[in-house]
Amino acid sequence: MNKNISNIVNLGDRIFATLECGGRRLASVNGMDFASLDAVKRALLNLAGTYMGMAVITVRNCTRGWRDVTTLATMRRPVSVAAVSTTAPSPRMGAQYLIPWAS
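Residues numbered from 1 in each chain as written. Predicted model: local features only at pLDDT ≥ 70, side-chain atom pairs only at ≥ 80, totals over all residues. Heavy atoms only, no water.

K.L.:
Would you mind going over the overall build of the chain with me for this structure?
P.N.:
If you tally the helices and strands in the chain, you get two helices and six strands. If you list the helices and strands of the chain from N to C, you get β-β-α-β-β-α-β-β. Burial statistics for the chain: of 103 residues in total, 28% are counted as buried. Taking as baseline every contact in the chain between residues at least 6 positions apart, the subset at least 24 positions apart corresponds to 50%. (Helix = DSSP H or I, 4+ residues; strand = E, 2+ residues; numbered from the N terminus. Buried < 20%, exposed > 50% of the residue type's maximum accessible area, 1.4 Å probe, protein only. Contact = heavy atoms within 4.5 Å.)

Structural data, given as structure tokens:
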């Protein structure tokens, strides 16, 4: 995360921040208990969970009167169901699934 000297966050500053990806708001925070800009961004990423693509993080410090907009490209993919499943995946050949009883 970037360290920007002009955008300082102290405990007690009123912070409003959002994380949007693909035109959808995935997370937002509104509070006064953040010690740094990195802490705000980490809180948003934890709330957003798994997503994939280009995200826009907007942080507004209402106390000091500034706004920071950061883009973040990420591949926070969800855990695949196949990795969790105990059954074997169906056989596959080329671009079509094979159905054993139909061939």
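K.L.:
Help me understand the pairing of strand β1 (residues 15-21), please; the structure alone is not making it clear to me.
P.N.:
For a regular strand, the rule is simple: side chains alternate between the two faces of the sheet. Counting buried residues in β1 gives five out of seven residues, a clear majority hidden from the surface. Bridge count for β1 against strand β2 (residues 24-31) is seven bridges, and the pairing is antiparallel. Along β2, the bridge assignment pairs leucine 19 with alanine 27. The hairpin turn running from β1 into β2, its antiparallel successor, is two residues long, and glycine 22 in that turn takes a positive phi close to 65°. As paired elements, β1 and strand β3 (residues 51-61) share seven bridges and run antiparallel to each other. For alanine 17, the partnering residue across the bridge sits in β3 and is valine 59. (Pairing = 2+ DSSP bridges.)

K.L.:
Explain the pattern of salt bridges to me, please; I cannot follow it from the model alone.
P.N.:
Pairing is possible between side chains that carry opposite charge, provided their charged atoms lie close to one another. Per the counting criterion, the structure on display carries three salt bridges. Salt-bridge contacts for aspartate 68 lead to lysine 41; the nearest nitrogen and oxygen are separated by 3.6 Å. Here aspartate 68 is found in strand β4 (residues 66-76), whereas its partner lysine 41 is found in helix α1 (residues 37-48), with 27 residues between them in sequence. Aspartate 68 sits in the buried class, given a relative accessible area of 11%. Residue lysine 41 is classed as buried on the basis of its relative accessible area of 3%. (Salt bridge = Lys/Arg side-chain N within 4 Å of Asp/Glu carboxyl O.)

K.L.:
How do you make sense of the environment of alanine 17 when you look at a structure like this?
P.N.:
Tracing the backbone shows alanine 17 in strand β1. Since its relative accessible area comes to 0%, alanine 17 is described here as buried. In sequence terms alanine 17 and arginine 67 are 50 residues apart; their C-alpha atoms lie 9.3 Å from each other. Those residues within four positions of alanine 17 in sequence are excluded, and the remaining contacts are Ala27, Ser28, Val29, Val40, Leu44, Thr58 and Val59.

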